[in-house]
Amino acid sequence: MRSAGMWWRAGAVAAAAAAVGAAVGTVAVGTAQAEPAVPRCTDTQQVDTTLSYGGAAAGTRGGYLQFTAKPGAACVVPGVVPVGLVGAHDVLVANDAPEDSPAVYLRDGASAYVQLTWTVVSPERQQTPLAVTVEPEHPEDRGITVTWTLGPVDATPESHSIHVGPATPGPAPAGPAA
């Protein structure tokens, strides 16, 4: 009889623990669902975006695409920023950021940037993009478009890409005047 009573108590304790665990699991799931996800920084309502010159050396040019959170806004710049171009149809975008590049959380004036590099060696086949874009996370978002002010890019088949680095926290380095 004693052993049956111990089994009953052990079963009751296990059932109570399972009920508590289920209740805790329900609370945790409910809490997680109640918290809104931080959106990706791909909308002009969240960030101000600027394009700045980063310098030149041996036929290579550089620049920075900087994102600065607007007051009261919070968003995440993905480690691999979905950059595109408008115009310059023979120039490609090559995103060189590793797939596991960490995202950068922005809030209230904080900044992050990606470095852009390209060549301008061939004077015969150059094109100048009209703008650089950041694709929106959702089709209903506005996305980001910044006028390209950094000059021509090689459009030859050998060297016709703008290379995009990973998102980096902080303001873009100050480059020389263009």
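Scroll up for the structure.
What comes next is a walk through the structure.

With the rule as written, the count across this model stands at 2 aromatic pairs. Look at Tyr64 and Tyr113: their rings are 5.5 Å apart centre to centre, the planes differ by 85 degrees, and that puts the pair in the edge-to-face class. Note that Tyr64 is positioned in strand 2 (residues 60–69) and Tyr113 in strand 7 (residues 111–119), a separation of 49 residues in sequence. Pair check on accessibility: Tyr64 and Tyr113 agree, each one buried.

For the rest of this paragraph, the subject is the pattern of salt bridges. Throughout the structure, instances matching the rule amount to 3 salt bridges. Between Arg125 and Asp90 there is a salt bridge, with the nearest N and O atoms lying 3.6 Å from each other. Linking Arg125 in the loop between strand 7 and strand 8 (126–127) with Asp90 in the loop between strand 4 (83–86) and strand 5 (92–95), this pair joins segments that are 35 residues apart in sequence. Using a relative accessible area of 37% as the deciding quantity, one classes Arg125 as partly exposed. Where Asp108 meets Arg107, a salt bridge forms, and the shortest distance between an N and an O atom there is 3.7 Å. Owing to a relative accessible area of 46%, Asp108 belongs among the partly exposed residues under this scheme.

Backbone geometry places Ala58, a non-glycine residue, at a positive phi of 50 degrees. Residue position: Ala58 is located in the loop between strand 1 (47–57) and strand 2. Assessed through its relative accessible area of 83%, Ala58 is described here as exposed. One non-glycine residue, Asp108, lies in the positive phi region at around 45 degrees.

Cut-offs used in this document
Residues numbered from 1 in each chain as written. Predicted model: local features only at pLDDT ≥ 70, side-chain atom pairs only at ≥ 80, totals over all residues. Heavy atoms only, no water. Phe/Tyr/Trp six-rings, centres within 6.5 Å; stacked < 30°, edge-to-face > 60°. Helix = DSSP H or I, 4+ residues; strand = E, 2+ residues; numbered from the N terminus. Buried < 20%, exposed > 50% of the residue type's maximum accessible area, 1.4 Å probe, protein only. Salt bridge = Lys/Arg side-chain N within 4 Å of Asp/Glu carboxyl O.

Everything listed here is a matter of coordinates, which is why it stays silent on function.
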